[in-house]
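In case you want the letters, here they are:
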Amino acid sequence: EVATYIWLDFNKNGIQDSGEQGLSDVTVRLYDSADPLTPLATAITDSSGYVVFSLYATGSRTYQLQWDIPLGFSIG
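Parameters and conventions
Residues numbered from 1 in each chain as written. Predicted model: local features only at pLDDT ≥ 70, side-chain atom pairs only at ≥ 80, totals over all residues. Heavy atoms only, no water. Helix = DSSP H or I, 4+ residues; strand = E, 2+ residues; numbered from the N terminus. Contact = heavy atoms within 4.5 Å. Pairing = 2+ DSSP bridges. Axes fitted to C-alpha atoms, helices over the stretch in contact; angles between N-to-C directions. Buried < 20%, exposed > 50% of the residue type's maximum accessible area, 1.4 Å probe, protein only. Phe/Tyr/Trp six-rings, centres within 6.5 Å; stacked < 30°, edge-to-face > 60°.

Mapped onto the fold, Thr-4 is located in strand E1 (residues 2–5). Separated by 41 residues in the primary sequence, Thr-4 and Thr-45 have C-alpha atoms spaced 8.7 Å apart. Not counting residues up to four positions away in its chain, the partners in contact with Thr-4 are Val-28, Gly-49, Tyr-50, Val-51 and Leu-65.

What follows is about the sheet that holds strand E3 (residues 35–44). Across the sheet, three strands lie side by side as E3-E2-E5; this open sheet has antiparallel pairing. Every other strand in the sheet has two partners, leaving E3 and strand E5 (63–67) as the edge strands with one partner each. Strand-to-strand twist of the sheet, defined as the mean angle between neighbouring strand axes without regard to direction, takes the value 30°. In this structure, strand E2 (residues 27–32) lies alongside E5, joined through five bridges in antiparallel fashion. Note that in E5 the partner of Leu-30 across the bridge is Leu-65.

Now for the pairing of strand E4 (residues 50–53). Every second residue of E4 is oriented toward a common face, the buried set being Val-51 and Phe-53 and the non-buried set Tyr-50 and Val-52. Note: E1 against E4, four bridges, orientation antiparallel. If you follow Val-2 over to E4, its bridge partner there is Phe-53.

Let us look at the packing of aromatic side chains. The tally for this structure, following the rule as stated, stands at two aromatic pairs. Summarising the aromatic geometry, the rings of Tyr-5 and Trp-7 are spaced 5.9 Å apart at their centres and angled 15° between planes, so their arrangement reads as stacked. Relative to Tyr-50, the ring of Tyr-5 lies with its centre 4.4 Å away and its plane at 40°, an arrangement referred to as tilted. Of this pair, Tyr-5 sits in strand E1 while Tyr-50 sits in strand E4, and the two are 45 residues apart along the sequence. Clustering of aromatic rings is evident, with ring pairs tying together Tyr-5, Trp-7 and Tyr-50.

This is the structure we're talking about:
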């Protein structure tokens, strides 16, 4: 499995602090690093900000995640 969690980082320190809640309804795409142009899967974060991709691949693989920044939000 590949999992991620997206939250509102109010103080912009990159660490989820007390009171910083998860962000729901964010579209997240999973890519194999060997083919970063074609998503393996797409999912939407749940009401707590979590998304999990269940994978059944063999061997060691590296993945990349891409998410859509919701309107009215920014990174950094």
